[in-house]
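Residue strings, one per chain:
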Amino acid sequence: KKDLLIEQEQIENTLLEKEILQTIDYPLLCGLVFCFQTEERIYFVMPFLSGGELFQHLRKFRTFDEDKVRFYGAQIALALEYLHSKGIVYRDLKPENILMDDKGYLRLADFGMAKQLKEDEKAMSFCGTPEYLAPEIITLEGHNKNVDWWSFGILLFEMLCGLPPFYVENLDKMYDMIKTSPVKFPKRIKLSDDAKDVIIKLLEKNPKKRLGSQKGIEEIKAHPFFASLDFDLIEQKKMPAPFIPELAS
């Protein structure tokens with residue numbers, strides 16, 4: 001509704017989101033089919049992804065095994081790398097923003113928090129989902145694409161363990177833990193050393209030392225956790241998905 005966008009001062013953000021949606025054309029992102037407007041509303045028409053949110057599947061199964069996490073993680077990493085190549089920082093990675101198609105493949109959706117940044121530019125805004133915020137967003141020291149690799153680490157942890165690593169109900173305490181606490185893995189879940197290592201390296205508090213901060217996805221691909229995967233096959237959607245959603249029709 002246009003009057004709502006005006007009331008909430010969201011015109012600039014909506015225009016930016018439309019611009020980003022028109023810029024992207026990638027099989028692992030949910031882009032724009034077309035858009036139009038009437039006197040009262042703006043319409044974004046997007047592909048229909050019938051498999052639902054990754055969030056629903058994670059809640060149903062509670063955790064995913066490492067093979068599933070590798071398969072899903074590779075797709076998210078490829079999607080993030082594509083956005084970064086266009087100068088776009090995503091900034092809102094979480095299971096609710098990841099949609100599944102009828103073949104069991106994922107697409108990243110919802111670019112309402114995304115921002116275009118120049119090579120050495122930093123964003124100063126405080127935005128995103130609390131459990132997924134990188135330390136440099138909380139401290140307001142300025143952030144860039146490295147925040148996406150942090151939230152990628154949070155996502156891997158949540159898929160393997162069922163909850164984000166620093167999650168507590170008290171928001172201030174959670175922010176303190178994100179800034180200062182080391183990652184602790186639950187004893188009840190058996191994780192490989194490679195799975196733990198990739199998460200620890202992605203959840204490096206110093207953004208300049210974080211996995212992915214120097215050479216992007218090449219660092220992710222080279223890590224032993226992902227080394228056995230053929231990223232090209234995944235990008236072309238030629239690898240059989242480990243889980244196909246059950247659809248009524």
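That block above? That's the structure.
Residues numbered from 1 in each chain as written. Predicted model: local features only at pLDDT ≥ 70, side-chain atom pairs only at ≥ 80, totals over all residues. Heavy atoms only, no water.

Trainee: How should helix α8 (residues 193–202) be read in this particular structure?
Mentor: Each α-helix winds once per 3.6 residues, and so residues spaced three or four apart point in a common direction. Among all positions of α8, only A195, V198, I199 and L202 are buried. Axial view of α8: buried residues confined to an arc of 95 degrees, hence all on one face. Summarising the contacts, the buried residues of α8 are in contact with α4 (66–85), α6 (146–161) and α9 (217–222). (Buried < 20%, exposed > 50% of the residue type's maximum accessible area, 1.4 Å probe, protein only. Helix = DSSP H or I, 4+ residues; strand = E, 2+ residues; numbered from the N terminus. Arc of directions from axis to C-beta. Contact = heavy atoms within 4.5 Å.)

Trainee: I tried to follow the packing of α6 against α8 on my own but got confused; where do I start?
Mentor: The axes of two packed helices give the description: the angle between them and the distance between them. Between α6 and α8, the least distance of the axes is 8 Å, while the angle of their chain directions is 145 degrees. The two elements α6 and α8 meet at a crossing, and its hand is left-handed. Residue-level contacts link W149, W150, F152, G153, L156, F157 and L160 of α6 to A195, V198, I199 and L202 of α8. Among the residues forming the contact of α6 with α8, the class breakdown is 10 nonpolar, 1 polar and no charged. (Axes fitted to C-alpha atoms, helices over the stretch in contact; angles between N-to-C directions. Left-handed = near helix turned anticlockwise from the far one by under 90°. Nonpolar A, V, L, I, M, F, W, Y, C, P; charged D, E, K, R; others polar.)

Trainee: For this particular structure, what's the right way to read a negative patch on the surface?
Mentor: Together, D3, E7, E39 and E40 make up a negatively charged patch on the protein surface. Among the structural elements, E40 can be located in the loop between β1 (34–37) and β2 (42–45). (Patch = residues over 30% accessible without salt bridge, like charges linked within 9 Å, V, L, I, M, F, W, Y side chains within 5 Å. Areas by Shrake-Rupley, 256 points an atom, 1.4 Å probe, with all protein chains shown as cover. Salt bridge = Lys/Arg side-chain N within 4 Å of Asp/Glu carboxyl O. Lys, Arg positive; Asp, Glu negative; His and termini not counted. Charge placed at Lys NZ, Arg CZ, Asp CG, Glu CD.)

Trainee: Which parts of the structure should I look at to understand empty space enclosed by the protein?
Mentor: Where empty space is left in the structure can be found by rolling a water-sized probe over the atoms. Under the criterion given, the structure shown has 1 cavity of 30 Å³ or more. By volume, the largest cavity is sized at about 60 Å³. If you trace the largest cavity, you find 13 residues lining it, with R91, D92, Y132, L133 and S151 closest to the centre. Take the lining of the largest cavity: its biggest share by element is 3 residues, from α6. Considering only residue class, the lining of the largest cavity consists of 7 nonpolar, 3 polar and 3 charged. (1 Å grid on protein atoms, 1.4 Å probe; cavity = no way out; pocket = protein on both sides within 12 Å on 5 of 7 lines; lining within 4 Å. Points joined across faces, edges and corners; volume = space filled by probe spheres on them.)

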